[in-house]
Amino acid sequence: MSTPLADQPDDDFGRYLTVLPGWREFVAGAISEPMATLTQDEYDALTKEDRYQYDEDRLDHHARLQVVATSTVRHTVTCGRRLIILNRGAISARRGLIVSGPANTGKTIALTQLGLAHELQDRRRHPGQDERIPVVYITVPPAATPRMIAAEFARFLGLPVLRSSNITDLTEAVVGVCTKARTSLVLVDEIHNISLHTRTGAEASDTLKYFSERIPATFAYAGIDIEDGGLLSGTRGDQIAARFTSVATHAFPYNKEWKALVAQMEANLLLHQHKRGTLTRLDRFIHTRTGGMIGTLSHQIRGAAVDAILTGAEKITKPGLLAVDLDIASHRKRPGGPSAAGDQ
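Residues numbered from 1 in each chain as written. Predicted model: local features only at pLDDT ≥ 70, side-chain atom pairs only at ≥ 80, totals over all residues. Heavy atoms only, no water.

J.: Looking at this model, I keep getting lost on unusual backbone geometry. Mind explaining?
T.: Positive phi values are uncommon outside glycine, yet Glu-190 reaches one of about 60 degrees. Even without glycine at this site, Asp-225 takes up a positive phi of about 40 degrees. Among the secondary structure elements, Asp-225 is positioned in the loop between β4 (218–224) and α9 (234–243). (Helix = DSSP H or I, 4+ residues; strand = E, 2+ residues; numbered from the N terminus.)

Laid out in structure tokens, this is it:
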């Protein structure tokens, strides 16, 4: 069987994780050799054009999310892998995983790292079988209808979504491709966009359940504060709660793991004048400023690195960190503590 998207052009659309070329590019990037930093003498010896390209490559490096194996990511991958193995022999009622927590706490990171780990494991088990699509990744649109859910699956697989395509056509096409391509893990992000309090939300939930019954795969969801939302309410919610394991994400306290996160992100920097240890000495300040949110931490350090390249400073300092505008939530006063910007 040929890959549905094999003949499509490699354009910017393919960079999204919600289409197969984008997902495969994500996997390829995760296993590629890291970019090497030139010495100052080597950098000075570059031609103007080569220096421009080298700096652009470094900007791209820092623009990409440098994933660190946090305890949450490790726990999600461990739980997910366990469920995938247990589900191999299941005929029906396969169990799934829900990654839930406040915004900006690394839910999508954990979900996609589970997908990455499974994709690499599947490739090891089945080398050379490029027609396989072990992982499908979709996001739930706001106010999603059953047809919109089916269309998201179809778009990932490169199947045509026409105005005339009804939900039955889309569903049968998706199930057919996933079955032939041996899809064994389905990742559904932004699941909080489904609420069982509405008729449309209930029908969208039923559509996901139908896919889970027709596709022999483990389903893993991620969303904001699922336990407090409308996904687990009523009879349908009870069914979901009975079949899904939950992994909670949260802000990180200032502890040994936080210090290790900052140190690892600092190790990923490609800056000529940056002295290793500068950020680890500022890890408490960074924690206060970001509120322990992994998403904000990543934006803070990567943003400062981009500025360091663009300005020619080639290093990150405390003023450089303060120059990076953070998300609105990071400026709000948190219960029992100072405001995020208070340690200035």
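J.: Explain the environment of Gly-230 to me, please; I cannot follow it from the model alone.
T.: Tracing the backbone shows Gly-230 in the loop between β4 and α9. Accessibility expressed as a relative area gives 10% for Gly-230, which makes it buried. Spatially, the C-alpha atoms of Gly-230 and Asp-325 are 33 Å apart, while their sequence positions differ by 95 residues. The contact partners of Gly-230, leaving out residues within four places of it in the chain, are Ser-195, Leu-196 and His-197. (Buried < 20%, exposed > 50% of the residue type's maximum accessible area, 1.4 Å probe, protein only. Contact = heavy atoms within 4.5 Å.)

J.: Hey, could you run me through the environment of Ala-110 in this one?
T.: With respect to the helices and strands, the residue Ala-110 is situated in helix α5 (residues 107–125). Looking at Ala-110, the relative accessible area reads 0%, which means it is buried. Put simply, Ala-110 and Val-67 are 43 residues apart on the chain and 9.5 Å apart in space, counted from C-alpha to C-alpha. In this view, Ala-110 contacts Val-73, Thr-76 and Val-99; residues no more than four positions away in its chain are not counted.

J.: Which parts of the structure should I look at to understand the side chain of Asp-122?
T.: Turning to its location among the elements, Asp-122 is positioned in helix α5. Once residues within four sequence positions are removed from consideration, Asp-122 is found in contact with Arg-132, Pro-134 and Ser-184.

J.: What am I meant to see in the sheet that holds strand β2 (residues 135–139) here?
T.: Strands in a sheet are paired, the pairing made by backbone hydrogen bonds, and the direction either parallel or antiparallel. Reading across the sheet, the five strands line up as β2-β3-β4-β1-β5 and stay open at both edges, with parallel pairing between neighbours. What marks the edges here is a single partner per strand, and that holds for β2 and β5 (244–248). Along the sheet, successive strands turn relative to each other by an average axial angle of 15 degrees, direction set aside. Alignment of β2 against strand β3 (residues 185–189), held across five bridges, turns out to be parallel. Counted as the bridge partner of Thr-139 is Asp-189 from β3. α5 contacts β1 (96–101), β2, β3 and β4 of the sheet and is inclined by roughly 165 degrees relative to β3. Its contacts with the sheet place α9 against β1 and β5, and it is angled at close to 75 degrees to β5. (Pairing = 2+ DSSP bridges. Axes fitted to C-alpha atoms, helices over the stretch in contact; angles between N-to-C directions.)

J.: Is there a simple way to think about the environment of Arg-94 in this case?
T.: Locating Arg-94 in the fold gives a position in the loop between α4 (71–86) and β1. Leaving out residues up to four positions away in the same chain, Arg-94 has contacts with Asn-87, Ser-212, Glu-213, Ile-215, Pro-216, Ala-217 and Arg-243. Of note is the side chain of Arg-94, whose polar atom sits 3.3 Å from the backbone oxygen of Ala-90. Separated by 3.4 Å, the side chain of Arg-94 and the backbone oxygen of Ala-217 make a polar contact. (Polar contact = N/O pair within 3.5 Å; in protein donor to acceptor, adjacent residues only side chain to side chain.)

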